[in-house]
Amino acid sequence: MTRHIRHAAFFCALLLVALLVNATRIQLFEAPSYDDNIANRRTTIARYGQPRGDILVDGEPVTGSHDTGEHLRYERTYTNGPMYAPVTGFASQEYGTTLLEHAEDGVLAGTDPLLSPFALWNGVARDRYPGGDVVTTLRRAAQEAAYEGLAGRKGAVAAIEPSTGRVLALVSAPSYDPSALSGNGASVTRSWSSLNRDADKPILNRAVRKTYPPGSTFKVVTAAAALDAGVVEDLDDKTDSPDPYTLPGTRTSLTNESEGCENAPLRKAFEWSCNTVFARLGVQVGVDRMAATAGAFGFNDADLRIPFSVAESTFDTKVDKAQLALSSIGQYNTRATPLQMAMVAAAVANGGQVRSPYLVERTTREGGATVATAGSRPSRQAMRPSTARLMKEMMVDVVREGTGTNAWIPGATVGGKTGTAQHGLGNSGTPYAWFVSWAKGDRDLEPKVAVAVVVEDAAADRGEISGGGDAAPIARAVMEAVLKSPARKGG
Amino acid sequence: MTKAGTTLVAADAPAPAAPLPRRRGIELALIVVAVLLSVYGYCAVGLARSGTVPPGAAGYGAGLGVLALVAHLAVRLRAPCADPLLLPIGVLLNGIGLVLIYRLDLETPGDRAAPTQLVWSTLGVALFIVVVLLLRDHRVLQRYSYVCVVAALVLLTLPIFFPSVNGARIWIRVAGFSIQPGEFAKVLLAVFFAAYLAANRSALAYTGRRVLGIDRLQLPTGRVLGPIVAIWLLSVGVLVLERDLGTSLLFFGLFVVLLYVATGRTGWIAVGLLLAALGAVAVGELEPHVHGRVEDWQHPFASIEAGEGPNQLSQSLFAFAAGGLTGTGLGLGHSILIGFAAKSDFILATAGEELGLAGLSALFILYGLLVERGYRAGLALRDSFGRLLAVGLASIVALQVFVIAGGVTGLIPLTGMAMPFLAQGGSSVVTNWAIVALLIRVSDRARSRLGVPKGEESAAPTPQDKHMETAR
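- For chain B, an unreviewed UniProt entry supplies the name FtsW/RodA/SpoVE family cell cycle protein and the organism Streptomyces ferrugineus.
- Under Subcellular location (unreviewed entry), UniProt gives the following word-for-word description of chain B: "Membrane".

- The name recorded for chain A in an unreviewed UniProt entry is Penicillin-binding protein 2, from Streptomyces ferrugineus.

1. Focus: the packing of aromatic side chains
All names here are of chain B.
And then number 1: Tallied over the full model, the rule gives 18 aromatic pairs over all chains.
And then number 2: A ring pair is formed by Y146 and F192, whose centres lie 5.8 Å apart and whose planes are at 70°; its orientation type is edge-to-face. Here F192 lies in helix α8 (residues 181-199) and Y146 lies in helix α7 (residues 145-157), a separation of 46 residues in the sequence.
And then number 3: Under the relative-accessibility criterion, Y146 is labelled exposed at 51%.
And then number 4: Residue class for F192 comes out buried when judged on its relative accessible area of 1%.
And then number 5: Between the aromatic rings of F192 and Y196, the centroid separation amounts to 5.8 Å while the plane-to-plane angle is 40°, which identifies the pairing as tilted. Placement of the pair is F192 and Y196 together in helix α8, with a separation of four residues, close to one helical turn.

2. Things to note about the interface of chain A and chain B
And then number 1: Across the boundary between the two partners, chain A contributes 33 residues, which contact 48 residues of chain B.
And then number 2: Carbon and sulfur atoms make up 74% of the surface buried where chain A meets chain B, a total of about 3,400 Å² over both sides.
And then number 3: Ranking the residues of chain A by area buried against chain B places M1(A), Q27(A) and R42(A) at the top, with a combined share of 23%.
And then number 4: On the surface where chain A and chain B come into contact, there are one salt bridge.
And then number 5: For E353(B), the salt bridge is made with R42(A), and the minimal N-O distance between the two is 2.9 Å.
And then number 6: Here chain A is connected to chain B by nine residue pairs in polar contact (both at pLDDT 80 or more).
And then number 7: If one sorts the elements of the side of chain A that touches chain B by residue count, helix α1 (residues 2-29) of chain A sits on top with 21 residues.

3. Topic: the sheet that holds strand β14 (residues 370-373) of chain A
Residue and element names in this part refer to chain A.
And then number 1: What the five strands build is an open sheet, ordered β2-β1-β7-β13-β14; its pairing is mixed. Of all the strands in the sheet, the pair left with one neighbour each is β2 (60-61) and β14.
And then number 2: In terms of strand pairing, strand β1 (residues 55-57) meets β2 through two bridges, oriented antiparallel. Bridge pairing links L56 to P61 in β2.

4. Some words on the side chain of R267(A)
All names here are of chain A.
And then number 1: Along the polypeptide, R267 turns up in helix α12 (residues 266-272).
And then number 2: With a relative accessible area of 18%, R267 lands in the buried category.
And then number 3: A polar contact is formed between the side chain of R267 and the side chain of D236, at a distance of 2.8 Å.
And then number 4: Once residues within four sequence positions are removed from consideration, R267 is found in contact with L235, D236, E393, M394 and D397.

5. Observations regarding the environment of E372(B)
And then number 1: Structurally, E372(B) can be placed in helix α16 (residues 347-380).
And then number 2: Look at E372(B) and you get partly exposed, because its relative accessible area is 28%.

6. Digging into the confidence of the model for chain B
All names here are of chain B.
And then number 1: Summing up the model confidence of chain B, the mean pLDDT is 82 and the portion of residues at 70 or higher is 83%.
And then number 2: The model gives residues 453-472 a pLDDT under 50, and that stretch makes 24 contacts with residues more than four places away or in other chains.
And then number 3: At the level of chain-chain contacts, confidence expressed as ipTM amounts to 0.88, with global pTM at 0.71.

Thresholds, definitions, all that
- Residues numbered from 1 in each chain as written.
- Chains lettered and ligands numbered in written order.
- Predicted model: local features only at pLDDT ≥ 70, side-chain atom pairs only at ≥ 80, totals over all residues.
- Heavy atoms only, no water.
- UniProt positions renumbered as here; feature names shortened; annotations may be inferred.
- Phe/Tyr/Trp six-rings, centres within 6.5 Å; stacked < 30°, edge-to-face > 60°.
- Helix = DSSP H or I, 4+ residues; strand = E, 2+ residues; numbered from the N terminus.
- Buried < 20%, exposed > 50% of the residue type's maximum accessible area, 1.4 Å probe, protein only.
- Contact = heavy atoms within 4.5 Å.
- Buried area = accessible area lost by both parts, 1.4 Å probe.
- Salt bridge = Lys/Arg side-chain N within 4 Å of Asp/Glu carboxyl O.
- Polar contact = N/O pair within 3.5 Å; in protein donor to acceptor, adjacent residues only side chain to side chain.
- Pairing = 2+ DSSP bridges.
- pLDDT = per-residue confidence, 0-100.

In structure tokens form, the structure reads like this:
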């Protein structure tokens, strides 16, 4: 019997070993895959178990954390939520994160291994770090000016610093308060569905995620291409262009809003925004060189990130001459985000160089120690510096005596270009009013701000919509705000 | 610490027996450690959850301490030679169980189970003391084996007349108390099996018909085998009716182990495994409740892939995974996600999450130690009934721990069962204290007879052994 008792005891020992081995398998070897399972709420609970880091504008947080004492403990709060929503996005326990909250989630939520001073050890211990902060390039004054300028209308504003690519303002209207999506209660679900049902699409970030036909503001690109290609050598030489202009290969004739465009020299044609002249110039430059210049400005780039992704602005490269003519005046398939058009203005202001735009100056640990900086951003030559000089002259003329006089700022040099973009089937939609511009204070060495404004004001009478009337005053307010408020060191 | 005394068997003629160390002082010291560990756990939960020591910490510690101390005095009085590890392990497991239930109570303010569990623990210790004080010799139980089996069958059948709870018909509700009679039945059945097999051992082992004319394949006569198989089939059948798969598996395993130990025939294991496999396949295919459990075991994350969210098993696996090596710390896990059975069937998931692999292994080893001590007592005893009883009781603990721990860690299909001492459940705690009491009784017998050598098979330590032991 003794022998068999020992056998039975051995059997029990085997059971114990099986349990120990299996527990080791689950808790050590399978654990990472279980932790990452989407249905495992622990990740979410841990994520909301500590306050999220903040997003800073001009050194002040525009976000906060509210301790609910609930299971998912900390909820996001926003100061001036609607104004900064196109930058911050939302951080919702129910619906995830968007925009900066999404792109910088690792730092804000404290999961980024860079946050740890002892990365290796924390990898072993699987600890979380306190959430870090995201310092933006935004300028509060510019953001406020843009937000107030758009008040009550649909549209967007993007402003950047031409010499660096810093995004100074990014506004989309109508907007929403991201606080309404924080947490996970019934009110959050209600807000979510009503925001998504809203025909005005308040969550849509029009400044970077919506593309518009750029209309006449695209003439900046066409003019630069024509000058770079040598199609036009003197701004004041007559261009051999008829009015109206019959699109090549068709019997459609293109007309102008203003008088005196027939054979108008480039300077005058730019000032008065002559469709006929630019349509013909585009055809003369040719689709390849037009596409190359547009590409150098940033068109047809699907990979732009600031750090969240920017919708691709397009210039169609497979067009016949008639389509090219329309493309060259910002119609047909030409589409641009407001940020892209701000880059166009910035390229002119910056001697022809396009700086990649960016929104995050640096990320820091909880105490303020830097984790990562924006670093040096790539730049591209969109046009020759000499061309840029001529473009600047022409843009200044637009503001001094052309269609953009509403953007004039005393004590500063301002260059601009208006646009009124037709859209919809047979151009039935209310046109979009555009204005792109840049400004240099009289005591500045270089232009300090480039801005693009688009107003899609469905309520206004169609005849009154114009870039000069609707969009230029908003651009002026933003430029003034940037010129008057000195930049804070380090954002 | 008693290794030299129990495992070394003198081959030569018996020397005058030296008294075996009784080690009651060590037992007392270990009990104090067990109580302190439990109180520490209780404080740790409070500190983690609210930053303060819970107000009841002193009272709780005093309560557990007094219970353990009274039990210790009973052992000192009536079982002075008993194995000194059994009682401290019982106290520690019960204490950890109370801490875990108290910790889980904090998540479900509407359903406080810890106070009830403390009351049941008191009843359990009371039963322990009664058994230790009144049962002078375990062999008395042999006389009552048929009373035991009748009582066991009655207890097993009772729940059929009560409504089922969560798919299993294993509870009876009397005046607000719910009792799980199957828990008590397992001790009674172990006593019966041990007594019957001890009485019919030689008949089972050496008589019977040969099958196919081969000596090794010899079936005992139906007259000997019949009654026990009938009783076994009856209990398993009842349990299948009640959908208590875990307990039927436990009875099955207990029966096979005892039959093997009693007869020494390897064939029983083969037959047992064959029957178990057939039964498992049949029940798994035919019974929808069980079939679902098997499906869950094979594909724990199927419900997640189907978009229905995690089921309890996957939540349990998530909890173990979250614990990792060192655990999140008492009170700092998220066991609430496991759902309604977190305090009973799935309490081990909380242990795994908050104490980690380290804590879980410690728990398993505590159970392993308890089982090993039971087997050790069985080995040291000389009467067949006592040996089979000790082996049976130890196997109950071992099988039960394996079935439930294997179930919640995804090793085997899940069967609703209570982790001995840890899980919420009055019947379970009381039964486990009864098991420890019986083990104390048999170990006392086993160790006291070590000091009094009988016949040529003396197991008393020789002077050399004694010398070796003191030299250590």
